[in-house]
Amino acid sequence: MKCTFTVNGKPVETEKGGSEALLDVLRGELGLTGSKEGCTDGSCGACAVLIDGRAENSCLVPVAQVQGREVRTVEGLSGTPELARLQRALVTAGVTACGFCVPGMLTVASEHILAGEELDGVSLKQALSGVACRCSGYRRILQVLDG
Ligand code: FES
């Protein structure tokens, strides 16, 4: 079964249209390795992507569920000034530590930014609560994202 959808604005087609995880297609077939493979059970958020503008853990999404839909990975999140500013701020501040969680954090924050929501420290912390960071302790990343 084929599955067609768009990734970062480009149409793609995969033969893996069944229960294969979207994360596996993105990383293994399309070479988009920005979305990280952590737990593969939906608990770490490292694999977050935007599907029709909503952040979802791609390790839990069968690729068949994105048929005809728009997927944005962290590689496709620099298209707006707000998101580019956010990415530059993280790099400039040097807060990425191992960097494993940052794509998920950027993706989840982007869902809210692209929806036009104003995020303060509290709402940002709440929004990012599903993304696990194993080495930075969160505080500096949250400060930059709240910046
Ligand atoms: Fe998907 Fe952890 S790898 S939530």
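The preceding data block contains the structure.
Conventions adopted
- Residues numbered from 1 in each chain as written.
- Predicted model: local features only at pLDDT ≥ 70, side-chain atom pairs only at ≥ 80, totals over all residues.
- Heavy atoms only, no water.
- Helix = DSSP H or I, 4+ residues; strand = E, 2+ residues; numbered from the N terminus.
- Rg over C-alpha atoms; globule rule 2.2 N^0.38 Å.
- Buried < 20%, exposed > 50% of the residue type's maximum accessible area, 1.4 Å probe, protein only.
- Contact = heavy atoms within 4.5 Å.
- Areas by Shrake-Rupley, 256 points an atom, 1.4 Å probe, with all protein chains shown as cover.
- Lys, Arg positive; Asp, Glu negative; His and termini not counted.
- Charge placed at Lys NZ, Arg CZ, Asp CG, Glu CD.
- Core = buried A, V, L, I, M, F, W, Y, C linked by side-chain atoms within 4.5 Å.
- Salt bridge = Lys/Arg side-chain N within 4 Å of Asp/Glu carboxyl O.
- Pairing = 2+ DSSP bridges.
- Axes fitted to C-alpha atoms, helices over the stretch in contact; angles between N-to-C directions.

Caption draft 1: Examining the overall build of the protein chain more closely. Check the secondary structure of the protein chain and you find five helices and five strands. Secondary structure elements of the protein chain occur, N-terminal to C-terminal, as β-β-α-β-β-β-α-α-α-α. Taking 147 residues into account, the globule formula puts the C-alpha radius of gyration at 15 Å, and the protein chain, at 15 Å, falls close to it. Taking the principal axes of its C-alpha atoms as reference, the protein chain extends roughly 45 × 30 × 25 Å. Per-residue burial over the protein chain gives 40% buried out of 147 residues. Partitioning the intrachain contacts of the protein chain with sequence separation of at least 6 by distance along the chain shows that 56% fall at a separation of at least 24. Of the roughly 7400 Å² of accessible surface on the protein chain, 49% is carried by carbon and sulfur atoms. The distance from the centre of the 14 positive side-chain charges to the centre of the 17 negative ones in the protein chain is 7 Å.

Caption draft 2: The nonpolar core, seen in detail. Ranked by size, the top nonpolar core spans 21 residues in total, and within it Leu90, Cys101, Val102, Met105, Leu106, Leu128 and Ile141 carry the most contacts. At the level of secondary structure, the elements contributing two or more residues to this core comprise strand E3 (48-51), helix H2 (81-93), helix H3 (102-114) and helix H5 (139-146). For this core, the leading source of residues is H3, giving five residues.

Caption draft 3: Just the pattern of salt bridges, in detail. Counted according to the given criterion, the structure contains four salt bridges. In this structure, the salt-bridge partner of lysine 2 is glutamate 13, at a minimum N-O distance of 3.6 Å. Note that lysine 2 is positioned in the segment before strand E1 (3-7) and glutamate 13 in strand E2 (residues 10-14), a separation of 11 residues in sequence. The closest approach of N and O atoms between arginine 69 and aspartate 52, which form a salt bridge, is 2.9 Å. Taken as a pair, arginine 69 in the loop between strand E4 (54-57) and strand E5 (70-72) and aspartate 52 in the loop between E3 and E4 lie far apart in primary sequence, 17 residues in all. Residue class for arginine 69 comes out partly exposed when judged on its relative accessible area of 29%.

Caption draft 4: View of the pairing of E4. As judged from the four bridges shared by E3 and E4, these two strands associate in the antiparallel manner. Each bridged residue has a counterpart across the sheet, and for isoleucine 51 the counterpart in E4 is arginine 54.

Caption draft 5: Up close: helix H1 (residues 22-29). When we look at burial in H1, the residues that qualify are Leu22, Leu23, Val25 and Leu26. The elements touched by buried residues of H1 are E1, E2, E3 and E5.

Caption draft 6: Examining the sheet that holds E5 more closely. Across the sheet, which stays open at both edges, the five strands sit in the order E2-E1-E5-E3-E4 with mixed pairing between neighbours. Of all the strands in the sheet, just E2 and E4 have a single pairing partner and so form its edges. Averaged over all pairs of adjacent strands, the angle between their axes in this sheet comes to 40 degrees, without regard to strand direction. As judged from the two bridges shared by E1 and E5, these two strands associate in the parallel manner. For valine 7, the partnering residue across the bridge sits in E5 and is valine 71.

Caption draft 7: Expanded view of unusual backbone geometry. Although it is not a glycine, asparagine 8 adopts a positive phi angle of roughly 50 degrees. Inspection of the secondary structure puts asparagine 8 in the loop between E1 and E2. Here threonine 40, not a glycine, exhibits a phi torsion of approximately 60 degrees, which is positive.

Caption draft 8: Focus on the environment of glutamine 65. Tracing the backbone through its elements, the reader meets glutamine 65 in the loop between E4 and E5. With 77 residues separating them along the chain, glutamine 65 and leucine 142 place their C-alpha atoms 32 Å apart.

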